[in-house]
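Structural overview for review
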Amino acid sequence: MPISENRFGKAGRCLVAMTLIGAVAGGCGTAETETPDPAGQVEVLELRVQNIRYEAIDLGPAGPSLGDMDVYSGDAIQDGRAVGHGGGTCQTLRIDGGDATMQCSITMELGNGSITMQSLWKRGTSPLDMAISGGTGDYREARGTVRFWDIATPNERARAEIIR
């Protein structure tokens, strides 16, 4: 099971961007509050993503195949400081020609709880929208969406719209 950091190149590093999703959903740092949703209050966070670590794990035959996994971690930066950290995985579920569809799952740990998110992702596409699927602590009933742009670049950013 060789590990190759260059196997997916820039597209693989895109997954690191998802790490920030949790921080976006975390409500750490200053947040803007929008008009309350009938089922809860919407909290919006604008973040910069700082990619820390990425590994591509080739689990099947050499090259892209079902089950291959990308593992990543990073920090969410707001107003020049880290407000959360986390990581996740994306596992290849389908390969059509040169296109890989992956199931991605991320957890972001924050001082007052954690946020979980997930989505299917066609490798290399942008923007990426992930569903906030829950959390712990202050975020135990969190839901909403996190969108990422400029994935795996120095300009990567995320916007979370968290309902709780």
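Described below are features of the structure shown in this document. Only a predicted model underlies this, so the values are computations on that prediction, with no experimental measurement involved.

The number of helices and strands found in the protein is 2 helices and 10 strands. Starting at the N terminus and walking to the C terminus, you meet the elements of the protein as β-α-α-β-β-β-β-β-β-β-β-β. When each of the 164 residues of the protein is scored for burial, the buried share is 46%. Considering only residue pairs separated by 6 or more positions, the protein has 53% of its internal contacts joining residues 24 or more positions apart. A total accessible area of about 7,800 Å² is found for the protein, and carbon and sulfur atoms account for 49% of it.

On inspection of all chains with the given rule, the structure shows 1 disulfide. Disulfide pairing is shown between Cys-90 and Cys-104; the S-S distance is 2.0 Å. Residues Cys-90 and Cys-104 are joined through a disulfide that is right-handed, its torsion about the S-S bond being 120 degrees. Taken together, the positions of Cys-90 in strand E5 (residues 81-96) and Cys-104 in strand E6 (residues 99-110) put the pair 14 residues apart, joining distant regions of the chain.

To continue, consider the nonpolar core. Core analysis: the biggest nonpolar cluster contains 26 residues, and Cys-104, Ile-115, Met-130, Val-146 and Phe-148 have the highest contact counts within it. At the level of elements, strand E3 (42-57), E6, strand E7 (113-122), strand E8 (128-135), strand E9 (143-149) and strand E10 (157-163) are the ones that each hand at least two residues to this core. Here the element with the most residues in this core is E6; it accounts for 5 residues.

Another aspect to go through is the pattern of salt bridges. If you walk through the whole model with that rule in mind, you get 9 salt bridges. Asp-129 is the partner of Arg-147 in a salt bridge, and the nearest nitrogen-oxygen pair spans 2.6 Å. Highlighted residues: Arg-147 in strand E9 and Asp-129 in strand E8, separated in sequence by 18 residues. Judged by its relative accessible area of 31%, Arg-147 falls in the partly exposed class. Residue Asp-129 is classed as partly exposed on the basis of its relative accessible area of 35%. Taken together, the salt bridges that share partners define one network made up of Glu-46, Arg-159 and Glu-161.

Consecutive side chains of a regular strand alternate in pointing toward one face of the sheet and then the other. As paired strands, E7 and E8 are joined by 4 bridges and run antiparallel to one another. Among the inter-strand pairings, Gln-118 is bridged to a residue of E8, identified as Ala-131. In this antiparallel pair of consecutive strands, E7 and E8, the connection spans 5 residues, and Gly-124 shows a positive phi of 90 degrees. When E8 meets E9, the two strands line up antiparallel, connected through 5 bridges. Each residue of the ladder has a partner; that of Asp-129, found in E9, is Arg-147.

Cut-offs and rules
Residues numbered from 1 in each chain as written. Predicted model: local features only at pLDDT ≥ 70, side-chain atom pairs only at ≥ 80, totals over all residues. Heavy atoms only, no water. Helix = DSSP H or I, 4+ residues; strand = E, 2+ residues; numbered from the N terminus. Buried < 20%, exposed > 50% of the residue type's maximum accessible area, 1.4 Å probe, protein only. Contact = heavy atoms within 4.5 Å. Areas by Shrake-Rupley, 256 points an atom, 1.4 Å probe, with all protein chains shown as cover. Disulfide = S-S within 2.5 Å. Core = buried A, V, L, I, M, F, W, Y, C linked by side-chain atoms within 4.5 Å. Salt bridge = Lys/Arg side-chain N within 4 Å of Asp/Glu carboxyl O. Pairing = 2+ DSSP bridges.

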